[in-house]
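Understanding the architecture of this molecule
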Amino acid sequence: MVRDAQLRDIVIESLLIAVDAAPFADRVASWLPDLVSAGVRRATLFHAIEGVGAECVKELDDLRPRLDRLAVQLAACEVEADIALKRGDRVRWLTSLAELRTSQVLVLGVRCSAAPHQRTIGATLRLLLEESHVPLLVLPAVKDAKGPRLFDKPLLLSDGRSATALETRSRALIPVPLRVAKFAPGDVPPADASLIVAGPELSGHAFERVITTGTSCPVLVFPAPSLSIHPEKGPSTVVTPPSEASGAARKG
């Protein structure tokens, strides 16, 4: 793939992808060409290990071929990929790795565990909507081969409370002009959007309504911490990994 034009105008350089359940590992593969079109150079494929003993072996055996295919697919797009297998609190690992890898976007599904399909968002996503310092790109479904590309018709939904910061951060990550529309929590987003962009007001039940409208449209959401201005940290920054015990109650 030739990406000279993209490399002259890189928008998203680094991704952290939470490949935590086999269905999502297959789903995200269909979106990779659109994602790397923003100039991505590095990607970390993350999996939180849940099983022990024989269960752990089966868990990794099921996921390893998918991780390998994703890594090969990224390499074919000239993206440097690495795999992070961690045990413990999934949310703390994701927030720590996002800082350590200087990831600009965290890519994940509606649910991060291998639990049976549900229409409600999982505990991991619910917590990240409150705690993440990087924007979250939520992919609710496999990309429709006949549908628009991810960045064809991005639509920013705003209720006005954090409009300025949200629009500034959004335009820094999205490589095309961004349409802006006012949005109330009870509204249904327009069906013609290829990507919905929203701020911290889109959380909890409001987020569930958007993600389960049936449009299968990806959502780029900026949690409140991701809109805050933080001083840059020097090379001495230390990211303390979470302990295994801390993750017992934060799965899903």
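Please read these numbers as outputs of a predicted model, since none were measured by experiment.

About the thresholds
Residues numbered from 1 in each chain as written. Predicted model: local features only at pLDDT ≥ 70, side-chain atom pairs only at ≥ 80, totals over all residues. Heavy atoms only, no water. Helix = DSSP H or I, 4+ residues; strand = E, 2+ residues; numbered from the N terminus. Buried < 20%, exposed > 50% of the residue type's maximum accessible area, 1.4 Å probe, protein only. Contact = heavy atoms within 4.5 Å. Areas by Shrake-Rupley, 256 points an atom, 1.4 Å probe, with all protein chains shown as cover. Pairing = 2+ DSSP bridges. Expected span 1.5 Å × (residues − 1). Bend = angle between axes of the 7 residues up to and from the residue.

1. Regarding the overall build of the protein chain
The helix and strand inventory of the protein chain stands at eight helices and nine strands. Taken across its 252 residues, the protein chain has 48% of its residues classed as buried. The long-range share in the protein chain, meaning contacts at least 24 apart out of those at least 6 apart in sequence, stands at 79%. Per element, the accessible surface of the protein chain, about 12,100 Å² overall, is 56% carbon and sulfur.

2. Structural notes on the pairing of strand E1 (residues 14-18)
The element E1 is extensively covered by neighbouring structure, given that five of its five residues are classed as buried. Covered by surrounding structure in E1 are Ser14, Leu16 and Ala18 together with Leu15 and Ile17, the residues of both alternating faces. In terms of strand pairing, E1 meets strand E2 (residues 42-49) through five bridges, oriented parallel. Across the sheet, residue serine 14 finds its bridge partner in E2, namely arginine 42. Note that E1 and strand E4 (residues 105-108) share three bridges and pair parallel. Bridge pairing links leucine 16 to leucine 106 in E4.

3. Observations regarding helix H4 (residues 54-76)
Under the 1.5 Å per step criterion, the end-to-end length of H4 is 34 Å for 23 residues, consistent within 8% with the ideal 33 Å. At leucine 63, H4 is bent by approximately 35°, the largest bend along its length, and proline proline 65 sits one to four residues beyond. Restricting attention to buried positions, one finds in H4 the residues Cys56, Glu59, Leu60, Leu63, Leu67, Leu70 and Leu74. A positive phi of about 65° marks glutamate 78, the residue just after H4.

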